[in-house]
Amino acid sequence: MDDIRAERRAGGRPRLVERWREAAERNLTPTKRSLIVTWASFGTTWGTVRLITHGIRGGWLPWGNISAGGEHLHHYNLGIATLAGIGLIAVRGDERAVGHPAVAAAYGAGTALITDEFALLLDLQDVYWAKQGRLSVDVSLGVLAALGTYLTAKPFWDEIAKVTRHHIASAAKRTLPGASAGKPL
């Protein structure tokens, strides 16, 4: 940061990374930053898991499946463990940890690990490579689409929620006995 300030004082242009940082500081709230990290982690994890599973199945990766006691551990197990850990952080309510980028990244990764094997969880059969396994891909892409839709139009959805809450509260006040007479509810 000091180098950039010195560069500016000397009449130089700020580096691109610094411009990105300044744009992020102006436009991204801590919540938006966490959501961006979550999205990036979800997409990166999902893509990496797909690549690794194809590499293991195709034999072009030098390692195999993870096993414990002779039992294959599916990656949804790791996802569940990750989300359980994130849940513990949320329940504790540690403000420093809740908004931390590592928590957002772990949440996105854990969610991707679970959604990638959704068909297995739904049918309790290992159909990852079968036609039914396509459901995992569809669900993953559906989750991605739903979250993208929400995040892209978040101000709109927030306004819709506010208007809806106000509408329901107003309707409740009109229909409850005693509400129109000014009596406490």
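From a predicted model like this one, the values you see are computed outputs, not experimental measurements. (Residues numbered from 1 in each chain as written. Predicted model: local features only at pLDDT ≥ 70, side-chain atom pairs only at ≥ 80, totals over all residues. Heavy atoms only, no water.)

A word on the overall build of the protein chain. A count of helices and strands for the protein chain gives nine helices and two strands. Shown N-terminal to C-terminal, the secondary structure of the protein chain runs as helices and strands in the order α-α-α-β-β-α-α-α-α-α-α. For the protein chain, buried positions account for 21% of its 185 residues. (Helix = DSSP H or I, 4+ residues; strand = E, 2+ residues; numbered from the N terminus. Buried < 20%, exposed > 50% of the residue type's maximum accessible area, 1.4 Å probe, protein only.)

In this section: the packing of helix α4 (residues 75–92) against helix α6 (residues 101–116). Running from amino to carboxyl end, α4 crosses α6 at an angle of 145°, the nearest separation of the two axes being 7 Å. The way α4 lies across α6 gives a crossing that is left-handed. Contacts between α4 and α6 involve His-75, Tyr-76, Leu-78, Gly-79, Ile-80, Thr-82, Leu-83, Ile-86 and Ile-89 from the first element and Val-103, Ala-106, Tyr-107, Gly-110, Thr-111, Leu-113, Ile-114 and Asp-116 from the second. Classifying every residue of the contact of α4 with α6 gives eleven nonpolar, five polar and one charged. (Axes fitted to C-alpha atoms, helices over the stretch in contact; angles between N-to-C directions. Left-handed = near helix turned anticlockwise from the far one by under 90°. Contact = heavy atoms within 4.5 Å. Nonpolar A, V, L, I, M, F, W, Y, C, P; charged D, E, K, R; others polar.)

This paragraph deals with the confidence of the model for the protein chain. In this model, the protein chain carries a mean pLDDT of 79, and residues with pLDDT of at least 70 account for 79%. Within the protein chain, α4 carries the highest mean pLDDT (92), whereas helix α1 (residues 2–9) carries the lowest (55). (pLDDT = per-residue confidence, 0-100.)

Relative to the helices and strands, Ser-34 is located in helix α3 (residues 30–58). The class for Ser-34 is buried, based on a relative accessible area of 17%. Once residues lying within four places of it in the same chain are set aside, the contact partners of Ser-34 are Gly-99 and Ala-104.

So, about the packing of α3 against α6. Orientation of α3 relative to α6, taken along the N-to-C sense of each, is 40°, at an axis distance of 7 Å. Taken together, α3 and α6 sit at an angle that is classed as oblique. For the pair α3 and α6, the crossing hand works out as right-handed. Of the residues in α6, those in contact with Ser-34, Val-37, Thr-38, Ser-41, Phe-42, Thr-45, Trp-46, Val-49 and Arg-50 of α3 are Pro-101, Ala-104, Ala-105, Tyr-107, Gly-108, Ala-109, Thr-111, Ala-112, Leu-113, Thr-115 and Asp-116. (Parallel < 35°, antiparallel > 145°, perpendicular 65-115°, else oblique.)

A separate point is α4. Helix length check: α4, at 18 residues, gives a terminal C-alpha distance of 26 Å against a target of 26 Å (1.5 Å per residue), a fit within 8%. The set of residues buried in α4 consists of His-75, Tyr-76, Gly-79 and Ile-86. Taken around the axis of α4, the buried residues stretch over an arc of 95°, which confines them to a single face. For α4, the exposed residues set more than 90 degrees away from the buried face come down to Ala-84, Leu-88, Val-91 and Arg-92. (Expected span 1.5 Å × (residues − 1). Arc of directions from axis to C-beta.)

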